[in-house]
Amino acid sequence: MLRNYVKIALRNLWRNKVFSLINVLGLSIGLTACLLIAAYVQDETHYDRFASRAGDIYRVNLGVSTAMKSDYPMVDVAVGPGIAAAYPEIEAFTRLTHIGDNFVRYGTRQFKEQKLVGVDSNFFGVFNLPFLEGDPHTALIQPNSLVITRAFADKYFGAAPAVGKTINLDRYGACKVTGVIDKVPDNAHFHFDAFLSWSTLHITQNTWSNVGIYTYLLLRPHTDPAALQARFPQLVAKYAVPEIARDMGVPLAEAQKAVNTFVFSLTPLTDIHLHSDTKYELEANGSSRYVLIFGALAVFILLLACANFTNLSTASAAGRGKEVGIRKVMGSLKQQLVTQFITESVLLTAFSMAIAFGLVLLLLPYFNDVAGRHISFLFFLHYPALIAAVILTLVVGSAAGIYPAFFLSSFNTIQVLKGGSTTARRSLLRSTLVVFQFVVSIALVVATLVVYRQLHFMQDKRLGYDKDQVLYIQDAHLLGANQEAFRQHLLQDKRVTDASISWCVPGTGAMDGTEIYPKQDVAGAGPENNTGREIHANIYHIDYNYLPTLGLQLVAGRNFSRTFSTDSSGVLINETAVSDLGWGHTDPIGKTLVRSGRREFKVVGVVRDFHYLSVKEKIAPLIMMLGNNNGGVIVKINTADVGGFLGDAKRDWAAFSPAGPFSYFFLDDRFAMLYTAEQHTGRLFTAFTIIALLIAGLGLFGLAAYMVEQRTREIGIRKVLGASIASVLLLVSKEFLALVGLAFLIAVPLAWWGMRQWLQEFAYRVPISWWIFPLAGAAALFIAVLTISWQTARAATANPIDSLRAE
């Protein structure tokens, strides 16, 4: 019986080639988009699951609540060992910390490596990264031991075994390679090339109240993390509070208030990528909101394709009416007819799924580039994916075909054999589905326009500093005592307008931080007794030339100057710091700030607010002080021959610093990298908007073809009676255009609400301009007119004699 159903289904699909082609195209495109988005969602939601006990691993975070709340994904060096010693629920702890950029040398090969970290000896036991060479249990026990990735090993050693070889790190000396891993999986929240043993770092302090160490706990099975976290304040009171009292120079009783403002918390390892978004994440994480958005988008696109099938199936019912009537006369039961039509639908969906797999293979490299993914086509060939594809085929085929099946099988036998109408009463369903398709399409056009406007707004917004033709030459520490001499040498070049030495560069996140509060004019102790307030401020370490090099503007006071010996204890602050300190209505120049450890600074100038982090974030308080400037050289140039200048600068660098290679970046390039996620989102929205419009257009094309076919004789009669081509075009088109207009009215409030919610993520955002909505509506209208115009024009210009001859 099934073989007979399939045979008849193939004949019907072949007989109705246009209908079948439109449905196969629509379903193929919809399924392709669905498969790609499903792979994206699966990749995003399965981060950090490579560890065999990923569900038992938690990261320790720190939240500090003062005048403003600061969240850190890291803690101090003693927190991990302290928690593990205090609570038997902890099976193990492991730590990770950045060790800075290092120049790595092996023989004649030397490279600057940035992805190096120090880790505890049990790090690979907790995270279960398999070794290609070496023993994961002993590889990092000894000082100056190093575990590297295969790519790192190939760079220095080629095809030769790496274990046992010694390489030199400029900051840590000779290190022995004791292990090689393949790589850190793509869907991990950290990616490093080399892991140095913790004992190499020579960390001597045993403190609780600072940050800088990423700490992970492996809990014993069935441990309640919430109950464990509820006991952390005991450790804060025992260990962190005395340190805070000592550093702040306040009585222990006063520091006890920090128990409620200094909070350790736990984040599940598998939640870090989508649910943790602090300033100091190891890498930029994803967003659960985007996963939901794109997941919903996949469903909507698939529904658009199903709506096409349902629409075309019901619209073409007149062509199948006599077939149904004859089958019923010959004894076919309704259940058999339903099975036949659903078989046709599932078979057509199966064809579409096969084509979709081919399109995925073809488009996957482009999708990975647009979405910033590393998804392999092998993912779609694994048993779970193949089983999901089969289930999706059956579900989509049945869902798309079930209504047409019951609709077609319910025809009155006598009525259809007499040639009665079978489709007029179903026009409401078809109209509803067309409206749904264009609601989704118009909303996506609006979303795409808003996303791109927000992206351009962030990229074009006045930052408060000059990022154009500003070069940052890295690794100034390699110059040693020649740092200032190198800067002065650069200034002799007429193409250089100014130069500064600092490791704090806007857009890079390189800075320190501290708690500060204004000192009282009269005797008193502690920030709570001051008329101002305690706040968290970021710190930039700069030199005398920093402000003019970056074009930063002073709104009060003066810049640092060598003529003032007291400037070593002076600071510049930004306008936000002035406001948050409670000095908005007073002159801050000459006032005293107190930072952790009771060190005092005099305010000598106020810098106009500038976006030293991403424009997505609100400008935070910033203090700028002299000193600690061995990170790099910031060079402002003015030349059309940038390549020529870089060549000269490279030769100058070699003359002053032969120890390391010349490495640099431009501030505008680094600034653009801050919005990579938004660029990916914009591209994805654009791609899926085009897909939605294409599917809607295909459906409209098929509907127009069937409606013109049904009204061929009517159009012929109207032309005989003197109707013009324009009136015939309007006759056929007005119903569709009215549906697009209704879809526009429904889509506008939905799109406005959705994009308003999305824009709340940004501290500085573009308004949703009114013209976006008519533009989106016009785009949908243009697609509709373009789609149906060919069919209507063909009917309007046809010879009426041909259409009436049969009468």
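All values reported here derive from a predicted model rather than from experimental measurement. (Residues numbered from 1 in each chain as written. Predicted model: local features only at pLDDT ≥ 70, side-chain atom pairs only at ≥ 80, totals over all residues. Heavy atoms only, no water.)

Draft legend 1. The overall build of the protein chain, seen in detail. Within the protein chain one finds 26 helices and 24 strands. Burial analysis of the protein chain (807 residues in total) assigns 50% to the buried set. A separation threshold of at least 6 residues defines the contact pool for the protein chain, and within that pool the share at least 24 residues apart is 80%. Roughly 36,100 Å² of accessible area belongs to the protein chain as shown, and the carbon and sulfur atoms make up 59% of that amount. (Helix = DSSP H or I, 4+ residues; strand = E, 2+ residues; numbered from the N terminus. Buried < 20%, exposed > 50% of the residue type's maximum accessible area, 1.4 Å probe, protein only. Contact = heavy atoms within 4.5 Å. Areas by Shrake-Rupley, 256 points an atom, 1.4 Å probe, with all protein chains shown as cover.)

Draft legend 2. Broad picture of the packing of aromatic side chains. The final tally for this structure, using the stated rule, is 37 aromatic pairs. Between phenylalanine 262 and phenylalanine 264, the ring centres sit 5.7 Å apart and the planes meet at 80 degrees, which makes this aromatic pair edge-to-face. When the centroid spacing of 6.2 Å and the interplanar angle of 85 degrees are considered together, the rings of tyrosine 540 and tyrosine 546 count as edge-to-face. On the basis of relative accessibility, which here comes to 1%, the residue tyrosine 540 falls in the buried class. (Phe/Tyr/Trp six-rings, centres within 6.5 Å; stacked < 30°, edge-to-face > 60°.)

Draft legend 3. The arrangement of unusual backbone geometry in detail. The phi angle at histidine 222 is positive, at roughly 70 degrees, despite the residue not being glycine. In this structure, histidine 222 sits in the loop between strand S12 (214-219) and helix H6 (225-229). Overall, histidine 222 belongs to the exposed group, its relative accessible area being 84%.

Draft legend 4. Inspection of the pairing of strand S9 (residues 166-169) at higher detail. Only one face of S9 is covered, namely the face carrying Ile167 and Leu169; the face carrying Thr166 and Asn168 is uncovered. In terms of strand pairing, strand S4 (residues 102-106) meets S9 through two bridges, oriented antiparallel. Paired with valine 104 across the bridge in S9 is leucine 169. Counting the residues between successive antiparallel strands, the hairpin from S9 to strand S10 (residues 173-181) contains three residues. (Pairing = 2+ DSSP bridges.)

Draft legend 5. Up close: the confidence of the model for the protein chain. Per-residue pLDDT for the protein chain has a mean of 83; in total, 85% of the residues score no lower than 70. With pLDDT under 50 throughout, residues 422-426 is counted as low confidence; its partners more than four residues away or in other chains account for 15 contacts. Contacts of residues 521-532 to residues separated by more than four positions or lying in other chains number 16 contacts, the stretch itself having pLDDT below 50. (pLDDT = per-residue confidence, 0-100.)

Draft legend 6. Structural context of the sheet that holds strand S14 (residues 470-474). With antiparallel pairing, the four strands of this open sheet are ordered in space as S15-S23-S14-S24. Edge strands, defined here as strands with exactly one partner in the open sheet, are strand S15 (496-501) and strand S24 (664-666). Averaged over all adjacent pairs, the angle separating strand axes in this sheet is 20 degrees, with direction ignored. Along the sheet face, helix H20 (residues 642-656) touches S14, S15, strand S23 (632-637) and S24 and points at about 25 degrees away from the line of S14. (Axes fitted to C-alpha atoms, helices over the stretch in contact; angles between N-to-C directions.)

Draft legend 7. Spatial organisation of the nonpolar core. Core analysis: the biggest nonpolar cluster contains 166 residues, and Phe195, Phe264, Tyr540, Met624 and Phe688 have the highest contact counts within it. Examining the composition of this core, we find that 14 residues originate from one element, helix H16 (residues 427-460), more than from any other. (Core = buried A, V, L, I, M, F, W, Y, C linked by side-chain atoms within 4.5 Å.)

Draft legend 8. Region of the structure containing a nonpolar patch on the surface. The grouping of Leu378, Leu381, Tyr383, Leu386, Ile387, Ile391 and Val395 at the surface amounts to a nonpolar patch, some 720 Å² of accessible area in total. At the level of elements, helix H13 (378-381) and helix H14 (383-409) are the ones that each hand at least two residues to the nonpolar patch. With five residues, H14 is the largest single contributor of residues to the nonpolar patch. Secondary-structure assignment places leucine 381 in helix H13. (Patch = residues over 30% accessible without salt bridge, like charges linked within 9 Å, V, L, I, M, F, W, Y side chains within 5 Å. Salt bridge = Lys/Arg side-chain N within 4 Å of Asp/Glu carboxyl O.)

Draft legend 9. Looking closely at the side chain of glutamate 243. Mapped onto the fold, glutamate 243 is located in helix H7 (residues 232-248). From its side chain, glutamate 243 meets the backbone nitrogen of tryptophan 208 in a polar contact 2.9 Å long. (Polar contact = N/O pair within 3.5 Å; in protein donor to acceptor, adjacent residues only side chain to side chain.)

Draft legend 10. Region of the structure containing the environment of leucine 146. Within the element layout of this structure, leucine 146 appears in strand S8 (residues 145-149). Once residues within four sequence positions are removed from consideration, leucine 146 is found in contact with Leu140, Ile167, Leu169, Cys175, Lys176, Val177, Thr178, Gly179, Ala194, Phe195 and Leu196.

Draft legend 11. Representation of the side chain of glutamine 437. As for its placement among the helices and strands, glutamine 437 is situated in helix H16. Those residues in contact with glutamine 437 that sit more than four places away from it in its chain are Leu304, Ala307, Asn308, Asn311, Ile695 and Ala696.

Draft legend 12. Spatial organisation of the environment of serine 276. Inspection of the secondary structure assignment puts serine 276 in the loop between helix H9 (272-275) and helix H10 (288-315). Distance from serine 276 to serine 287, taken between C-alpha atoms, is 8.6 Å for residues 11 residues apart in sequence. If sequence neighbours within four positions are ignored, serine 276 has contacts with Arg59, Asp271, Glu281 and Asn285.

Draft legend 13. Just the pattern of salt bridges, in detail. Enumeration over the complete set of coordinates arrives at 20 salt bridges. Between aspartate 186 and lysine 183 there is a salt bridge whose closest N-O contact spans 3.3 Å. For aspartate 186, a relative accessible area of 32% translates into the label partly exposed. The salt bridge partner of aspartate 648 is arginine 495, with a shortest N-O separation of 2.6 Å. Here arginine 495 lies in the loop between helix H17 (483-491) and S15 and aspartate 648 lies in helix H20, a separation of 153 residues in the sequence. Accessibility expressed as a relative area gives 25% for aspartate 648, which makes it partly exposed. Each of Asp493, Arg495, Asp648 and Arg651 takes part in one network of salt bridges that share partners.

Draft legend 14. Molecular detail of H20. The end-to-end C-alpha separation of H20 is 21 Å, in line with the 21 Å expected for 15 residues at 1.5 Å each. Taken together, the buried positions of H20 are Phe645, Leu646, Ala649 and Trp653. For H20, the arc enclosing every buried residue in end-on projection is 100 degrees, short of the 170-degree limit, so these residues lie on one face. Turned more than 90 degrees away from the buried face of H20, the exposed residues are Gly643, Arg651 and Ala655. In this fold, the buried residues of H20 make contact with S14, H17, S15, S23 and S24. (Expected span 1.5 Å × (residues − 1). Arc of directions from axis to C-beta.)

Draft legend 15. Region of interest: the environment of valine 785. Along the chain, valine 785 turns up in helix H25 (residues 772-797). Once the C-alpha coordinates of valine 785 and phenylalanine 701 are considered, the two residues, 84 residues apart in sequence, prove to be 9.9 Å apart.

Draft legend 16. Structural view of helix H5 (residues 150-157). Along H5, the residues that are buried comprise Phe152, Ala153, Tyr156 and Phe157. When H5 is viewed along its axis, its buried side chains cluster within an angular range of 100 degrees and face the same direction. For H5, the secondary structure elements touched by its buried residues are S4, strand S5 (109-113), S8, S9, S10 and strand S11 (194-197). Glycine 158 sits one or two residues past H5 and shows a positive phi near 65 degrees.

Draft legend 17. Layout of the pairing of strand S16 (residues 512-518). Most of S16 is tucked away, with five of its seven residues classed as buried. Across five bridges, the pairing between S16 and strand S17 (residues 535-542) is antiparallel. By the bridge assignment, glutamate 515 is partnered in S17 with histidine 536. Pairing between S16 and strand S20 (residues 592-595): three bridges, direction antiparallel. Each residue of the ladder has a partner; that of proline 518, found in S20, is leucine 593.

Draft legend 18. Quick look at the packing of H17 against H20. As a packed pair, H17 and H20 sit with axes 11 Å apart at the nearest point and diverge in direction by 150 degrees. By the angle class used here, H17 and H20 are roughly antiparallel. Where H17 crosses over H20, the handedness of that crossing is right-handed. Counting all contacts with H17, which are made through Ala485, Phe486, His489 and Leu490, the residues of H20 involved are Asp652, Trp653 and Phe656. (Parallel < 35°, antiparallel > 145°, perpendicular 65-115°, else oblique. Left-handed = near helix turned anticlockwise from the far one by under 90°.)

Draft legend 19. Representation of the state of the cysteines within the structure. Tallied over the full model, the rule gives zero disulfides. We note that cysteine 306 lacks a disulfide partner, and the nearest cysteine sulfur, in cysteine 34, lies 9.4 Å from it. (Disulfide = S-S within 2.5 Å.)

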